[in-house]
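# An overview of the molecular structure
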Amino acid sequence: MLLCHPEYNEGSLQKNATIPHSVRDDVKYISLSSLTLSNFRNYEYIRIEVTQQPVVLTGENGAGKTNILEAISLLTVGRGLRRAKLSEIDKLSPTTNQQPTANCWAIAANINGRMGEVKIGTGRDSESTENVDKRIVKIDGKITRGQSDLARHMSLIWLTPQMEQLFSEGASAGRKFLDRLVFSFEAEHASYINEYEYAMRERNKLLQYGRADIVWLSALEQKMAGCAVVIAISRLSTCEHINHTVAASPLSFPKAYITVSGFVEDLLKNGISALEAENTLREILESSRNSDAASGRTLTGVHRSELRVIHLSKNMQAENCSMGEQKAMMLSIVLAQARAGARWHGVTPIILLDEVAGHLDALKRSELFEEICNTGAQVWMTGTDALLFSDLQGKAQFFKIEEGKIN
């Protein structure tokens, strides 16, 4: 497993972190050319056709701006930017007995992706039950086994007002944010996380029910250890790329330094080889079976790692900074990710920025819009006041959202 990772044979995570002199010639600028929603939240049916340019959605609160961003976020791995249950997304329609009925939602998009043009469709399975909610994913009309294939075509990151509490929500929220950044760099990252979590769940079941299948336990622990090292290296590599890009940024936004701390990540940062780290975690898992069984969960592994963010000029943990500084650092990280993706991996993701301009002063708004245009990324932005986006006139596509309709 280890040999398949591009950085394992380099001997150091730092070697591939050298900043390229310029953006690669073969950069893929991921973008949508059309988006169609059916029975999605407050939309019965809409279709939007766009170009590579940034997109600005304006309208009153509750008009459905964020719903469009949520739909785009469901074109990649995961539960989308709201992490909603599938049934919660359905549009409700009134019936004769005054009881609303749900209509299964569907999304269709034409995408310029990592591998060229592709049609992606997804939605809630009409045969889902109350206890088992299923999502169907189609790529070029063919149903896929799972969501992991989406990452091979889509590269996508987002920033929402709800994420402003990221630094105070505990390790899980920060870890998911970091993994979302990694997804846009490493298309296979989602697959490794899924394999790791599946093996961990199976191991926990065996330990919970006291089934002493030593051979199966050992195989699951080996799988977890192998996947964990791949995951950890991808996380560390992503942090290095983003840190280099943030440090070189001319923006006046607070400069953030990000890193990830965890058992496996710390081993690698301390110079332990990938193979040694894998063997060490496997041995820890084997020796901790009794304690893990008693606690009902696995106590060591990359599922417990933590994202750490530092305000560089203040040398202060992000959670101790002001809300304004935290928002600005989050935004600078997302923008740096787009730059870093183009330089190291040849991919610039779609970026979703929900209600991003309202809390920025005029200077930072101007810098933000200039940076967005310079990255070449297709950035989707929402806001209640179109005047806040006046600097983008002639450089972006503007749509007005009104009561579930788009103009």
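Our structure is the block above this text.
A few points on the structure. (Residues numbered from 1 in each chain as written. Predicted model: local features only at pLDDT ≥ 70, side-chain atom pairs only at ≥ 80, totals over all residues. Heavy atoms only, no water.)

So, on to empty space enclosed by the protein. The gaps of empty space that remain are located by a probe, the size of a water molecule, rolled over the atoms. With the rule as written, the count across this model stands at 1 cavity of 30 Å³ or more. The volume enclosed by the largest cavity comes to roughly 110 Å³. Along its surface, the largest cavity is lined by Leu-159, Thr-160, Pro-161, Met-163, Glu-164, Lys-327, Met-330, Asp-354, Glu-355, Val-356 and His-359. Its residues assigned to classes, the lining of the largest cavity shows 5 nonpolar, 2 polar and 4 charged. (1 Å grid on protein atoms, 1.4 Å probe; cavity = no way out; pocket = protein on both sides within 12 Å on 5 of 7 lines; lining within 4 Å. Points joined across faces, edges and corners; volume = space filled by probe spheres on them. Nonpolar A, V, L, I, M, F, W, Y, C, P; charged D, E, K, R; others polar.)

Moving on: the side chain of Ser-155. With respect to the secondary-structure elements, Ser-155 resides in the loop between strand E10 (142-143) and strand E11 (156-159). Given a relative accessible area of 0%, Ser-155 falls into the buried group. A polar atom in the side chain of Ser-155 sits 3.2 Å from the backbone oxygen of Ser-184. Those residues in contact with Ser-155 that lie beyond four places of it in its chain are Ile-30, Arg-114, Ser-184, Val-347, Pro-349 and Ile-350. (Helix = DSSP H or I, 4+ residues; strand = E, 2+ residues; numbered from the N terminus. Buried < 20%, exposed > 50% of the residue type's maximum accessible area, 1.4 Å probe, protein only. Polar contact = N/O pair within 3.5 Å; in protein donor to acceptor, adjacent residues only side chain to side chain. Contact = heavy atoms within 4.5 Å.)

For Glu-355, which is not a glycine, the phi torsion comes out positive at approximately 50°. Along the chain, Glu-355 falls in the loop between strand E16 (350-353) and helix H10 (362-375). Looking at Glu-355, the relative accessible area reads 26%, which means it is partly exposed. A positive phi angle is found at Glu-403, which is not glycine, with a value near 45°. Take Glu-403: it is sitting in the loop between strand E18 (397-402) and strand E19 (405-406). Judged by relative accessible area, Glu-403 falls into the exposed class, the value being 77%.

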